[in-house]
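Residues per chain, in single letters:
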Amino acid sequence: MQYEPFYVINLEIPRDCDDLQQCLDSFFHKRVVKDYQHQGRRVHASHRQLISKLPNVLCIHLKRFIWVDHLIKMKDFVAFEPIIEIQNEWLAANLQSNKKKEYRLFSVVEHIGEWAHRGHYINYALDANDDWKKFDDTKINVRDLDSVQNTAQAYILFYELVY
């Protein structure tokens, strides 16, 4: 088993993925490695990502730019919740317990545009009073959580650990 620190979870958006939960389930799913060889012999092997230490801030990047003959942007809407619970099956044995491990959404980055090399970024973030604000260059507007969840095509999501 190999441990690597992480600062961002880079999530692919699988076909027919409707929400962040499905993307996370896919990311943490155990995968069989075909034709894996060890010391010249073919052996059964699998690969799985697990979290061994929960970060205070969980940064989730949805991979919206993919290569299919050329770079394209995936425009699929991926629903996201204000609270996500980290499932025990996503955790290394040392973290698994009956205690809830929840993260609260506090910021959403959205990329506007067709291309990876140009576009416009908008940020939605909670302020000190727990009110949602939309930051678009010099314009700052008040938003409610429903409008953020229903209109933002999330590119990067920031969640904070709830103690």
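Caption draft 1: Region of interest: the overall build of the protein. Within the protein, the regular secondary structure consists of two helices and 14 strands. Taking the principal axes of its C-alpha atoms as reference, the protein extends roughly 60 × 45 × 25 Å. A buried classification covers 33% of the 163 residues belonging to the protein. Of the roughly 11100 Å² that the protein leaves accessible, carbon and sulfur atoms contribute 49%. Looking at charge distribution, the protein has the averaged site of its 21 positive side-chain charges lying 7 Å from that of its 23 negative ones.

Caption draft 2: Fine view of the environment of His-111. In this structure, His-111 sits in strand β10 (residues 102–112). Between the alpha carbons of His-111 and Arg-64 there is a distance of 9.2 Å; along the sequence they are 47 residues apart. In this structure His-111 touches Phe-65, Lys-73, Arg-118, Gly-119, His-120, Tyr-121, Gln-153 and Tyr-155, once residues within four positions along its chain are discounted. Here the side chain of His-111 touches Arg-118 through a polar contact of 3.4 Å, landing on its backbone oxygen.

Caption draft 3: Quick peek at the nonpolar core. Within the largest apolar cluster, 33 residues are counted, with the highest numbers of intra-cluster contacts made by Leu-20, Ile-60, Phe-80, Val-108, Leu-157 and Tyr-159. Of all the secondary structure elements, the ones that give two or more residues to this core are β1 (9–11), α1 (20–28), β6 (57–62), β10, β11 (120–126) and β14 (154–162). Not counting residues up to four positions away in its chain, the partners in contact with Leu-20 are Leu-11, Ile-60, Leu-62, Val-78, Ala-79, Phe-80, Ile-84, Leu-157 and Tyr-159.

Caption draft 4: Expanded view of the side chain of Lys-133. Among the structural elements, Lys-133 can be located in strand β12 (residues 132–136). For Lys-133, a relative accessible area of 19% gives the class buried. A distance of 2.8 Å separates the side chain of Lys-133 from the side chain of Asp-127, its partner in a polar contact. Excluding its chain neighbours within four sequence positions, the residues that come into contact with Lys-133 are Asn-123, Tyr-124, Ala-125, Asp-127, Ile-140, Asn-141 and Val-142.

Caption draft 5: Representation of the pairing of β12 in the model. With four of five residues buried, β12 lies mostly within the body of the structure. Hairpin geometry of β11 and β12 is characterised by an intervening segment of five residues between the two adjacent antiparallel strands and by a positive phi of about 65° at Asp-130. Across five bridges, the pairing between β12 and strand β13 (residues 139–143) is antiparallel. Residue pairing for β13: Phe-135 is matched across the bridge by Ile-140. Hairpin remark: β12 followed by β13, antiparallel, with two residues in the connecting loop; positive phi at Asp-137, about 55°.

Caption draft 6: Just the pattern of salt bridges, in detail. Applying the stated criterion to the full structure yields seven salt bridges. Of the charged contacts, one joins Arg-104 and Asp-130 as a salt bridge, the two residues approaching to 3.4 Å between their closest N and O atoms. Taken together, the positions of Arg-104 in strand β10 and Asp-130 in the loop between β11 and β12 put the pair 26 residues apart, joining distant regions of the chain. Lys-133 is the partner of Asp-127 in a salt bridge, and the nearest nitrogen-oxygen pair spans 2.8 Å. Through salt bridges that share partners, Arg-104, Asp-130 and Glu-160 make up one connected network.

Cut-offs used in this document
- Residues numbered from 1 in each chain as written.
- Predicted model: local features only at pLDDT ≥ 70, side-chain atom pairs only at ≥ 80, totals over all residues.
- Heavy atoms only, no water.
- Helix = DSSP H or I, 4+ residues; strand = E, 2+ residues; numbered from the N terminus.
- Buried < 20%, exposed > 50% of the residue type's maximum accessible area, 1.4 Å probe, protein only.
- Areas by Shrake-Rupley, 256 points an atom, 1.4 Å probe, with all protein chains shown as cover.
- Lys, Arg positive; Asp, Glu negative; His and termini not counted.
- Charge placed at Lys NZ, Arg CZ, Asp CG, Glu CD.
- Contact = heavy atoms within 4.5 Å.
- Polar contact = N/O pair within 3.5 Å; in protein donor to acceptor, adjacent residues only side chain to side chain.
- Core = buried A, V, L, I, M, F, W, Y, C linked by side-chain atoms within 4.5 Å.
- Pairing = 2+ DSSP bridges.
- Salt bridge = Lys/Arg side-chain N within 4 Å of Asp/Glu carboxyl O.

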